[in-house]
Amino acid sequence: MARGKFITLEGGEAAGKSTQIARIKAALEARGIETVVTREPGGTRLAELIRGLLKDEYEDAPCDRAELLLFLAARAQLVKNVIKPALDAGKWVVSDRFSDSTFAYQGYGRGLPLDAIETANSFACDGLKPDITFWLDVSPETALKRRLGREAATNTGADRFEREQAAFHERLRAGFAALHAAEPGRIARIDANAAPDDVWEEIWTHLKPILS
Ligand code: TMP
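Residues numbered from 1 in each chain as written. Predicted model: local features only at pLDDT ≥ 70, side-chain atom pairs only at ≥ 80, totals over all residues. Heavy atoms only, no water.

**Focus on the packing of aromatic side chains**
No. 1: One pass over the full model with this rule turns up six aromatic pairs.
No. 2: Geometrically, the ring pair formed by Phe71 and Phe161 is tilted, given 5.8 Å between the ring centres and 55° between the ring planes. Taken together, the residues span a long stretch of sequence, with Phe71 in helix 3 (residues 64-88) and Phe161 in the loop between helix 6 (140-154) and helix 7 (166-182) at a distance of 90 residues. There is no split in this pair, since Phe71 and Phe161 are both buried.
No. 3: Each member of the aromatic cluster is reached from another via a ring pair, and the members are Phe71, Tyr105, Phe161 and Phe168.
No. 4: Between the NZ or CZ atom of Arg160 and the centre of the ring of Phe161, over which it lies, the distance is 5.1 Å.
No. 5: Above the face of the Trp135 ring, Arg189 is positioned so that its terminal group lies 5.9 Å from the ring centre. (Phe/Tyr/Trp six-rings, centres within 6.5 Å; stacked < 30°, edge-to-face > 60°. Helix = DSSP H or I, 4+ residues; strand = E, 2+ residues; numbered from the N terminus. Buried < 20%, exposed > 50% of the residue type's maximum accessible area, 1.4 Å probe, protein only. Lys NZ or Arg CZ within 6 Å of the ring centre and 35° of its normal.)

**So, the site of the ligand**
No. 1: Surveying the vicinity of the ligand reveals 14 residues, the closest of which are Arg51, Lys55, Arg97, Thr102 and Gln106.
No. 2: A distance of 2.8 Å separates an oxygen atom of the ligand from a polar side-chain atom of Lys55.
No. 3: Interatomic distance of 3.1 Å between a side-chain N/O atom of Arg75 and an oxygen atom of the ligand.
No. 4: Here the ligand loses 93% of its free accessible area of 480 Å² to cover by the protein chains.
No. 5: Of the pockets mapped on this structure, the ligand occupies the largest pocket.
No. 6: Those elements giving two or more residues to the shell around the ligand turn out to be helix 2 (45-55), helix 3 and helix 4 (99-109).
No. 7: Among the elements that take part in the shell around the ligand, helix 4 stands out by supplying four residues, more than any other.
No. 8: Each residue belonging to the shell around the ligand can be placed in one class, and the counts come to four nonpolar, three polar and seven charged. (Near = heavy atom within 4 Å. Polar contact = N/O pair within 3.5 Å; in protein donor to acceptor, adjacent residues only side chain to side chain. Areas by Shrake-Rupley, 256 points an atom, 1.4 Å probe, with all protein chains shown as cover. 1 Å grid on protein atoms, 1.4 Å probe; cavity = no way out; pocket = protein on both sides within 12 Å on 5 of 7 lines; lining within 4 Å. Sits in = over half its atoms within 2 Å of the grid points. Nonpolar A, V, L, I, M, F, W, Y, C, P; charged D, E, K, R; others polar.)

This is the structure we're talking about:
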């Protein structure tokens, strides 16, 4: 049986990833491809518990190195128990965030050394890399507007990452741009300021050739 493909969606806050993930899943399943959707951090019991530890505000919140290692612990569990078995069974996996978020947030955002992240991340993933990554690039102004709208609609507050200063979010975007420049064949930049239908059109132009 052919191994499945591994698709990831990346970007800063409120880039519209969930909407596009639902469309990717629907498009794949319409072509008879069994699709597993997951998210990071999360997707297993342990990783969802770690997600809470990472996103919540509390006294003694993780320092930068502990934060990195918690993300990687969650990833190791997800790769071993969910992603690799699904790919081996010929299913396709679509993940809301994966390793590129670690380089962008903990590397470019927090300033941890990229070579240390590379080594530790590769160990956590047992070498697994996405086949294709969509970087949903949204301007800081659009992201903020969307986030405030969502918070008002759902009556929720910002998490530990969303609360970061504008400069942090600018470093993330520069980080994703650098990752895209280094691997343009794997990471496709998608203009996510556009309406969801237009964003989907752009994703589809990249996805279609992989399907045929
Ligand atoms: P989200 O699911 O709402 O996007 O929340 C996940 C948060 O965790 C988001 O702010 C990005 C951040 N993150 C990292 O900092 N490093 C990582 O490796 C991953 C996967 C996410």
